[in-house]
Amino acid sequence: MERTIRVRFLHPETRETLMVDLPADIRIGALNGVLYDHSFVYPQKPGYGFVICGHLCGAGHTLEQYLTPQAGEVEIQVFGMPQIMV
Amino acid sequence: MFSTFALDTQVLQRDLCTGCGACQGLCPYWDSVHGRTVCYFDCERLDGRCQRFCPRMPTDLDALRRKAFPEETILPEIGPFRGLYLTRAADETIRAGAQHGGTVTALMELALREGLIDAALLTRAQGTLDPAGALVTKAEEVRSCSGSSFQIPPSLAALNRALREDRYRSIGVVGTPCKTLAVYKMRHDPLPENDNHAGNIGLVVGLFCGWGLDWDGMRELTGRYADPAAVSHMDIPPSKYHSLEITAEGKTTSVNLDEVIPLVRPACRACADMTAEFADLSVGGARSADGWDVDKKWNQVVVRTKKGQELLELAIAKGVLECKDVPESGLDKLKKASLGKKRTAVRTLREKDGTLGYLEPCGQMFQDL
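Residues numbered from 1 in each chain as written. Chains lettered and ligands numbered in written order. Predicted model: local features only at pLDDT ≥ 70, side-chain atom pairs only at ≥ 80, totals over all residues. Heavy atoms only, no water.

Draft legend 1. Region of the structure containing the sheet that holds strand β3 (residues 50-52) of chain A. Residue and element names in this part refer to chain A. A sheet is described by the order of its strands in space; here five strands give the open sequence β2-β1-β5-β3-β4, paired in mixed fashion. Only two strands of the sheet have a single partner each, and these edge strands are β2 (17-23) and β4 (55-56). The pairing of strand β1 (residues 4-10) with strand β5 (residues 73-78) spans five bridges and is parallel. In the sheet register, R8 faces β5, and the bridge partner there is E75. (Pairing = 2+ DSSP bridges. Helix = DSSP H or I, 4+ residues; strand = E, 2+ residues; numbered from the N terminus.)

Draft legend 2. How the structure looks around the interface of chain B and chain A. Chain B puts ten residues into the contact, and the matching count from chain A is eight residues. The junction of chain B with chain A conceals about 860 Å² of combined surface from both sides, 62% of it contributed by carbon and sulfur atoms. Among the residues of chain B in contact with chain A, M1, F2 and F5 of chain B are the three that bury the most area, contributing 59% of the side total. On inspection of chain B and its partner chain A, the count reaches five residue pairs in polar contact (both at pLDDT 80 or more). Looking at the side of chain B that touches chain A residue by residue, the classes come out as four nonpolar, three polar and three charged. (Contact = heavy atoms within 4.5 Å. Buried area = accessible area lost by both parts, 1.4 Å probe. Polar contact = N/O pair within 3.5 Å; in protein donor to acceptor, adjacent residues only side chain to side chain. Nonpolar A, V, L, I, M, F, W, Y, C, P; charged D, E, K, R; others polar.)

Draft legend 3. Spotlight on the layout of surface pockets. There is about 550 Å³ of room inside the second largest pocket. In terms of lining residues, the second largest pocket is bounded by 26 residues, among which T68 of chain A together with M1, T9, Q10 and R14 of chain B are the most central. Only β5 of chain A together with α1 (3-12) of chain B provide two or more residues apiece to the lining of the second largest pocket. Grouping the amino acids of the lining of the second largest pocket by side-chain chemistry returns twelve nonpolar, eight polar and six charged. (1 Å grid on protein atoms, 1.4 Å probe; cavity = no way out; pocket = protein on both sides within 12 Å on 5 of 7 lines; lining within 4 Å. Points joined across faces, edges and corners; volume = space filled by probe spheres on them.)

Draft legend 4. Summary view of a nonpolar patch on the surface. A cluster of nonpolar residues, V33, Y40 and F41 of chain B, forms a patch on the protein surface that exposes about 330 Å² of accessible area. By the element assignment, Y40 of chain B lies in the loop between β2 (36-39) and α2 (49-53). (Patch = residues over 30% accessible without salt bridge, like charges linked within 9 Å, V, L, I, M, F, W, Y side chains within 5 Å. Areas by Shrake-Rupley, 256 points an atom, 1.4 Å probe, with all protein chains shown as cover. Salt bridge = Lys/Arg side-chain N within 4 Å of Asp/Glu carboxyl O.)

Draft legend 5. Representation of unusual backbone geometry in the model. Positive phi, close to 50 degrees, is recorded for C53 of chain A, a residue that is not glycine. For C53 of chain A, a relative accessible area of 39% corresponds to the partly exposed category. (Buried < 20%, exposed > 50% of the residue type's maximum accessible area, 1.4 Å probe, protein only.)

Draft legend 6. Molecular detail of the environment of H34 of chain B. Residues and elements named next belong to chain B. Along the chain, H34 turns up in the loop between β1 (30-33) and β2. When the C-alpha atoms of H34 and W215 are compared, they prove to be 6.2 Å apart, with 181 residues separating the residues in sequence. Apart from the residues lying within four places of it in its own chain, the contact partners of H34 are W215 and D216.

Draft legend 7. Focus on helix α6 (residues 156-165) of chain B. Residue and element names in this part refer to chain B. Of all ten residues in α6, seven are buried; the element is thus mostly enclosed. The set of residues buried in α6 consists of L156, A157, A158, L159, N160, A162 and L163. Packed against the buried residues of α6 are β6 (119-126), β7 (129-136), β8 (171-175), α7 (177-188) and β9 (201-207).

Draft legend 8. How the structure looks around the packing of α6 of chain B against α7 of chain B. Residue and element names in this part refer to chain B. Two numbers describe how α6 lies on α7: the axes approach to 11 Å, and their chain directions differ by 25 degrees. The orientation of α6 relative to α7 falls into the category roughly parallel. α7 is crossed by α6, and the crossing has right-handed handedness. Between α6, through L156, L159, N160 and L163, and α7, the contact on the second element is made entirely by K179, A182, V183 and M186. Taken together, the residues of the contact of α6 with α7 break down into six nonpolar, one polar and one charged. (Axes fitted to C-alpha atoms, helices over the stretch in contact; angles between N-to-C directions. Parallel < 35°, antiparallel > 145°, perpendicular 65-115°, else oblique. Left-handed = near helix turned anticlockwise from the far one by under 90°.)

Draft legend 9. Up close: the packing of aromatic side chains. Counted by the stated rule, this structure contains seven aromatic pairs over all chains. Arranged with centres 5.0 Å apart and planes meeting at 90 degrees, the rings of Y66 of chain A and F5 of chain B form a pair that is edge-to-face. Taken together, the positions of Y66 of chain A in the loop between β4 and β5 and F5 of chain B in helix α1 put the pair across two chains. As far as burial versus exposure is concerned, Y66 of chain A and F5 of chain B are alike and both buried. Feature note: the residues Y66 of chain A together with F2 and F5 of chain B constitute an aromatic cluster, connected by ring pairs. The ring centre of Y184 of chain B lies 4.7 Å from the NZ or CZ of R187 of chain B, which sits over that ring. The cationic tip of K324 of chain B hangs over the ring face of W298 of chain B; the distance from NZ or CZ to the ring centre is 4.8 Å. (Phe/Tyr/Trp six-rings, centres within 6.5 Å; stacked < 30°, edge-to-face > 60°. Lys NZ or Arg CZ within 6 Å of the ring centre and 35° of its normal.)

Draft legend 10. Summary view of the domain arrangement of chain B. All names here are of chain B. Structurally, chain B comprises domain 1 (3-212 + 265-365) and domain 2 (215-263). Each of domain 1 and domain 2 was reduced to a C-alpha centroid, and the two centroids are 23 Å apart. In this complex, domain 1 contributes 21 residues to the contact, which on the side of domain 2 involves 21 residues. Here domain 1 meets domain 2 over a buried area of about 1900 Å², counting both sides, of which 58% is carbon and sulfur. The three residues of domain 1 that bury the most area against domain 2 are L129, F150 and W292, which together make up 32% of that side's buried surface. Between the two partners, domain 1 and domain 2, sit two salt bridges. With a closest N to O distance of 3.2 Å, D216 and R36 form a salt bridge. Where domain 1 touches domain 2, the interface holds nine residue pairs in polar contact (both at pLDDT 80 or more). (Domains from an automatic or database assignment.)

Spelled out as structure tokens, the structure:
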């Protein structure tokens, strides 16, 4: 069965939260689409970074690469300043 | 999970890092600054040696010790046990520079002279402050590392660098319990596809440890009572004295332990090992009915393995070590002290998040504490 992670996004300015269940192997870069679909942030270009536990995440990495095998949920801060992901 | 990320979130951010250096000397990313472990950059290795060897990453200690020691030798309170001895170096000049009886210095000199090891990973301090790992290859170099420091240096970084060179075939390692646990993880749970030649570790001598102290705080505290550069010895007498003794320029000053306790590294309160249970021999200050004035010039030695037994017997046979009778209550007192540290660790970990944290994989070992 596909592993699912409950993700709580933190808005960088309003501190509002968005709770969604996502597949553990979703790419960090694909999280932008999730945020746009939920109108949580306005679409920007060229993209946002995401911060988990103080670490800026790589767009090509998967969510589960930042989690212990037992983890079922995670909190992700949406990075406050639009920046180019390299 | 990325290794640097795992170590940061599961060890550093939880105040569990002991500063042992097991994660360092392997890659460019990890380092130590004044006793604090730092990560310069996230790496993308999912099962790196840094997280594999860290003594504070979740570890099944019971499974690890079953790999390393015969089950019939294991005592629940103090780990593998083949005998308890009271010893000191026969050479007075070793004892003069030693923390207590000079047993470790004498044993490491002997092991190098006899070719039982071809290098020794020790700790060298400026007086007793700012210690660093030191790899020595000659018996004559061992005495420059005599004495103890209450600052825990990342000396395993020096071990990792030496192992990486693959120059030595039998390195002797002296270290606190966190370090000797890391060494046993290196030896018994290596990464074959990223080998660090841990098979070249030939001997492990553990040091009894209650806790280590914050580097900056310790320097500041010392400066209040003596010139830090002139300090030659520090010691903590039995608990009834409730003090730290600082000796500088021949004068010993007694500092109330209440000033020292706030400097204890938070990670040390979560450590469940007082007697360095993962070792061939474990050595600490003696405790007997003779009182502190006599005991402070002796060591107690726990023999844990056949190799440790053979080295101790050789040292006694060659007149390198002197022995005296262990009091009948000696082992019981040691067990009681060891259990006290385990209880503190369990309490500290449970207070964090209600679990046993890094001890969770072997929770059955601690369920009754």
